[in-house]
Amino acid sequence: MTGLTKGGNMGKVMWAFLDFNLFSLMYFMLLCSYFSSAVSSLLSSSSCRIQGQFHLNGMHKAGDVVLGGLFEIHLFSVFPDLSFTSEPQQPTCHGFDFLGFRQAQTMAFAIDEINRNSELLPNLTLGYSLYDNCIKLRIGFPAALSLVSGQEKQFILDKTCVGTPPVLGIVGDSTSTSSIAISSVLGLYRVPMVSYFATCSCLSDRQKFPSFFRTIPSDAFQVRAMIQILNHFGWTWAGLLVIDDDYGLYAARSFQSDFVQSGGGCLAYLEVLPWGNDPAELRRIVDVMKKSTARVVIVFAHESHMINLIEEVVWQNVTGLQWITSEAVIAGTVFQTPDLMPYLGGTLGIAIHRGEIAGLQDFLLRIRPDQHNNDYGNGIVKQFWEYTFQCRFTPPPEGWVEAGGALCTGQEDLENVETKFLDISNLRPEYNVYKAVYALAYALDEMLQCKPGRGPFIGHSCGNLQRPEPWQLVYYLEKVNFTTPFGDQVSFDENGDALPIYDIMNWLWLPDGRTKLQKVGEVKRSAFKGEELTIDEDKIFWNFESKKPPRSVCSESCPPGTRMARKKGEPVCCFDCIPCSEGKISNKTDSTECISCPEGFWSSPQRDQCVPKKTEFLSYHEPLGICLTTASLLGTFICVVILGIFISHRRTPIVSYFATCSCLSDRQKFPSFFRTIPSDAFQVVRQNVTGLQWMASEAGIAGTVFQTPHLMPYLVGTIGIAIRRGEIAGLRDFLLQIRPDQHSNDYRSSMVAQFWEYTFQCRFTPPPEGWVEAGGALCTEQEDLEKVETKFLDISNLRPEYNVYKAVYALAYALDEMLQCEPGRGPFSGHSCGNLQGLEPWQLVYYLEKVNFTTPFGDQVSFDENGDALPIYDIMNWLWLPDGRTKLQKVGEVKMSAFKGEELTIDEDKIFWNFESKKPPRSVCSESCTPGTRMARKKGEPVCCFDCIPCSEGKISNMTDSTECISCPEDFWSSSQRDQCFPKKTEFLSYHEPLGICLTTASLLGTIICAVVLGIFISHRRTPIVRANNSELSFLLLVSLKLCFLCSLLFIGRPRLWTCQLRHAAFGISFVLCVSCILVKTMVVLAVFKASKPGGGASLKWFGAMQQRGTVIVLTSIQAAICTAWLVSSSPSPHKNTQYHHDKIIYECVVGSTVGFAVLLGYIGLLATLSFLTAFIARNLPDSFNEAKLITFSMLIFCAVWVAFVPAYISSPGKYADAVEVFAILASSFGLLVSLFGPKCYIILLRPEKNTKKAIMGRGIQS
């Protein structure tokens, strides 16, 4: 959040009160001067003169009882330079506000109406005295003091002091800050003050403002009304702009606390609008509004302070915002112009309840400047006249007539001029003014109707006009209850607040370009239903393309399946929606945590519910199970068929084989605060709360009431800030000289006498009744302070006293400097000097700003431009001595120097820690989150309170107190501690792992066997068994098998582009070459035996040596063409697969084109099938060595291996798919090698006698 912080808020509020105290001090000094003059002049005359006067714009009417009024009739003011080198000039006001003037005239009308009412205040005429406050406390406060004290320059003192006060009650003020300041002073004398526009909730404090009333609802209700509107439209993310006074700052405080509690809303920013035209600050504020994602802007400010802001909004062309304004702005006509509607159209706002006042317009039309006198106090009507008719009264300003300006005659007609002053269709503040005047009138009427002897005051007395007391009117004001002609009931609750009701208004932008302020709802509080909000959404004009309410949230709600993760340093409304990790769910919107599923359940893909875990087994319903079942049944069927064949041919010898399938009591601020309930220090003792480290402000650290042995187990070791200690030589001797006879003999009012009685527990004559009889002593004034035990004489720890000492000396040095001024060389106008005869307080201020002296204790005293001395504090510690006594010791200091800024010095070795470890305690809400975890804010708790959530897999945090976990790069994975990313493990069929070694060994072994067999065949190439059935094809078959064994090596090792492209091409071509040779050999066998029959010789011409070679080449070329087309169109390529394991990279070759791979395998399968069928047909042909039987057996092995390969390959992950394919290649290759060449090698090497033509042919003849 940007803008005002909590400390800033308090600073602003304190400044407002300092502003008030400044004027209180000025007025106090004025009164002191006045009374000093009065006392000195009593010796010669009973006439008194006020030393100074406030020149104020006003409007007055005499009466038996006068009511005061404060109104904002001018919007701006100019203050003179306060250099104090000359008498400060009076401020001037400009920027006439006809609405404020109409409010003042409403008060005049109400008083005129009451005077004409024979039933209300009969035989009594009300008068009024109204002043312009110019929306400034520095003008409104003196105006209020002038109302209660009068403005007469000179008056005669009356011995009886009997008479009507200048005003009996005040209607106003219009601003909260002014009302706070004025009511704080008037409340001391119980002067009733009824405000019509001050809404600060702080004014409801009856202890501070006992005589304050208002006819407008409190801001506490207005804030709740705005929050109800925000909640109604679902706006949880809004910006807040407030004015730098109590009205805005108290509203900001209420918003900050209530908005979050009401429904999870947050303030995106809180900005304080400057009082004047500060372009740089306004530009910064508008920049904040532009950059913020909040689409709703709430404004608590005055109309005059919004003007400059809106100009900057227009200049920066900031649109698309939904404005919500308080009652001080929503009715401002200055903003309801066509050129501002693109920016402000559709604004919603809280408006004062509208009322109607019959006869007001006629009264306004009768206004004439000649009705009032011409002195400065009655200039408001003239200023209104000049503003309305754009003329000037005589004498006009210099150059006015020459410039063509008109002169006012006083006879101009208001009906002939176009002015909104006469528009009474929307009376809101005026209606509150009307009710305020009538409330005072009804209270006064009730007081005057009191019958002597039956009154509510002491002795059943009544108030009267001869000597009316303001506090008596307050009594009746609290009981006022009447109904206005418009039908509204007026009464005040125990806090002086009227029954709250507000209208909800909307700025409508009409199609013809005009603007209109229309009511779209209301919010009110009733005795039975509480607070009620009513809005007619169909009437609201939305200044957006959608013509619907905008969406204004910091973060959208987190749907089920996610959880909220707070963003560090941002409001609670701003969060990320983090998906629940696997095995956890959230089934609510905006869930703060994910819950784990029960043991037999797992999270759904949406993570919004737990579903039973899937049970995995080899099922009959999945492809792999179907294939295996089919293979099993097929095998069973084949076994049955073979069994039948065996039974049928049980005498035929056959060779069988067996195949096996494999993630949270400051006294400076509250000086008059008391309580009847024990303090928390007592609660701590009663509940035996120990183990706490206390830190106290300067108001508590020096409190001796806590430094007692029985409290030390709980409070010892307390550290606190203390006022700087000093020494004042001679102070103790001065204190010992105190005697009550040095002072006034009125012991009842003498502080010294009261001190004396307290110290010696005696009473001065005459003592209280029963004092002597009860054994009480009488004071003789001869008691000795040195003989009594009292801490009054202990000057070893002078802290506030030392500050008093420096303050007195500062004033003395300033006065001394002023008196040493040499005439003609002074700092004031005409080089004059101040003197005691005509001393002005502002002259002393000039010298006080330049004071610079050193105390005897060695401290330098001077003031900066803000009137602050150089700050320094001692850091104190409560020490518990071994003998049970306590001691307050200094352990450090904190100070500000001109060169080093703020410095903190602490001697930790001196500090007494009230813990077993004798070390500082650990005090954190949540321990820091270590790397590998992230902070998750706890909803509804301070930002210091959070949970540490481990990062989920694949994410890390490498810093302490990280707010989020970051994902590792693509080729990296999180460590087990989740504090760093390391490269993912790479997995492929490697030459270095056991499986790869075994397959490589098998491949090389097969290659060697092929080479050995080839060598044997070459060595015995002329033998019949080698030459039978085309020895050239046998050699070519051995070479192709050798290539088949070698091509399996391409599947082992890290996949690369060339190995991926070559492995399948080499595999496909090698196997096609092999199967082609087998197919041709089988066909040759059939052709030879067919040729041996009569008439079959012609078939041999198609199976000569050239035809056999050509057939092999053609069949192999087709596979080569398929491979070439596949590689060109969609070549296989290496791929990093993370689908199976997130923490591993499985290197594999993707086939590129599945169709190409399928065609390649299909072609091999086609040739293998043809070879098998052909060999099966030729199995029973007569020959002692019929090779067709071997080919049939080898093809059975080949087909079985590759049928089993398909499901195994599909279901094998990663490197195991390559291993399955290599195994299939090796198994089929070994099957062919052993089946085709094993028997021949056996005969060649072990049974050479059978390797003859005769043996081969002879056995064939016999069979």
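Residues numbered from 1 in each chain as written. Predicted model: local features only at pLDDT ≥ 70, side-chain atom pairs only at ≥ 80, totals over all residues. Heavy atoms only, no water.

(A) A look at the pairing of strand E12 (residues 237–243). Extensive coverage of E12 is indicated by the burial of seven of its seven residues. Of the two faces of E12, the one holding Trp237, Gly239, Leu241 and Ile243 and the one holding Ala238, Leu240 and Val242 are both buried throughout. Two strands pair when backbone bridges link them, and E12 and strand E14 (residues 296–300) are joined in this way by five bridges, in the parallel orientation. Bridging across to E14, leucine 241 finds its partner in valine 299. (Buried < 20%, exposed > 50% of the residue type's maximum accessible area, 1.4 Å probe, protein only. Helix = DSSP H or I, 4+ residues; strand = E, 2+ residues; numbered from the N terminus. Pairing = 2+ DSSP bridges.)

(B) Molecular detail of a nonpolar patch on the surface. On the surface, a cluster of nonpolar side chains totalling about 430 Å² of accessible area is made up of Leu634, Phe637, Ile638, Val641 and Ile642. Tracing the backbone through its elements, the reader meets phenylalanine 637 in helix H15 (residues 623–648). We classify phenylalanine 637 as exposed; its relative accessible area is 53%. (Patch = residues over 30% accessible without salt bridge, like charges linked within 9 Å, V, L, I, M, F, W, Y side chains within 5 Å. Areas by Shrake-Rupley, 256 points an atom, 1.4 Å probe, with all protein chains shown as cover. Salt bridge = Lys/Arg side-chain N within 4 Å of Asp/Glu carboxyl O.)

(C) Region of the structure containing the pairing of strand E15 (residues 322–325). Here E15 shows two buried faces, one formed by Gln322 and Ile324 and the other by Trp323 and Thr325. Where E14 lies against E15, four bridges are found, and the strand directions are parallel. The residue of E15 that forms the bridge with valine 296 is glutamine 322. A crossover connection joins E14 to the parallel E15 through helix H8 (residues 303–315); in handedness this β-α-β unit is right-handed. (Right-handed = clockwise from strand over helix to strand, strands pointing away.)

(D) Molecular detail of helix H23 (residues 994–1019). Under the 1.5 Å per step criterion, the end-to-end length of H23 is 37 Å for 26 residues, consistent within 8% with the ideal 38 Å. Within H23, burial applies to Gly996, Leu999, Thr1000, Ser1003, Gly1006, Thr1007, Cys1010, Val1013, Leu1014, Ile1016 and Phe1017. Summarising the contacts, the buried residues of H23 are in contact with helix H24 (1024–1027), helix H25 (1031–1047) and helix H30 (1215–1246). (Expected span 1.5 Å × (residues − 1). Contact = heavy atoms within 4.5 Å.)

(E) Summary view of the nonpolar core. One finds Phe255 and Trp323 to be the most contacted residues of the largest nonpolar core, which totals 142 residues. Sorting elements by how many residues they give to this core places helix H13 (residues 429–448) first, with 12 residues. Discounting chain neighbours no more than four positions away, the residues touching tryptophan 323 are Leu241, Met289, Val297, Val299, Met306, Leu309, Ile310, Val313, Tyr343, Leu344, Thr347 and Leu348. The next biggest cluster of nonpolar side chains, apart from the first, holds 68 residues, and it includes Val1075, Trp1126, Phe1157 and Ile1225. (Core = buried A, V, L, I, M, F, W, Y, C linked by side-chain atoms within 4.5 Å.)

(F) Representation of the packing of aromatic side chains within the structure. Overall, the coordinates contain 41 aromatic pairs when judged by the stated rule. Taking 6.0 Å as the distance between ring centres and 15° as the angle between the ring planes, the aromatic pair formed by phenylalanine 221 and tyrosine 502 counts as stacked. Residue phenylalanine 221 is found in helix H5 (residues 219–232), and its partner tyrosine 502 is found in strand E21 (residues 501–509); the two are separated by 281 residues along the sequence. Like tyrosine 502, phenylalanine 221 is buried. Taken together, a centroid distance of 6.1 Å and an interplanar angle of 70° make the contact between phenylalanine 255 and phenylalanine 300 edge-to-face. One end of the pair, phenylalanine 255, is in helix H6 (residues 246–263); the other, phenylalanine 300, is in strand E14, and 45 residues separate them in sequence. (Phe/Tyr/Trp six-rings, centres within 6.5 Å; stacked < 30°, edge-to-face > 60°.)

(G) How the structure looks around the environment of glutamine 390. Relative to the assigned elements, glutamine 390 resides in the loop between helix H12 (380–389) and strand E17 (391–392). Taking C-alpha positions, glutamine 390 is 8.4 Å from cysteine 408, a pair spaced 18 residues apart along the chain. Apart from the residues lying within four places of it in its own chain, the contact partners of glutamine 390 are Trp385, Trp400 and Ala406. Engagement of the side chain of glutamine 390 in a polar contact is seen with the backbone oxygen of tyrosine 387, the distance being 2.8 Å. (Polar contact = N/O pair within 3.5 Å; in protein donor to acceptor, adjacent residues only side chain to side chain.)

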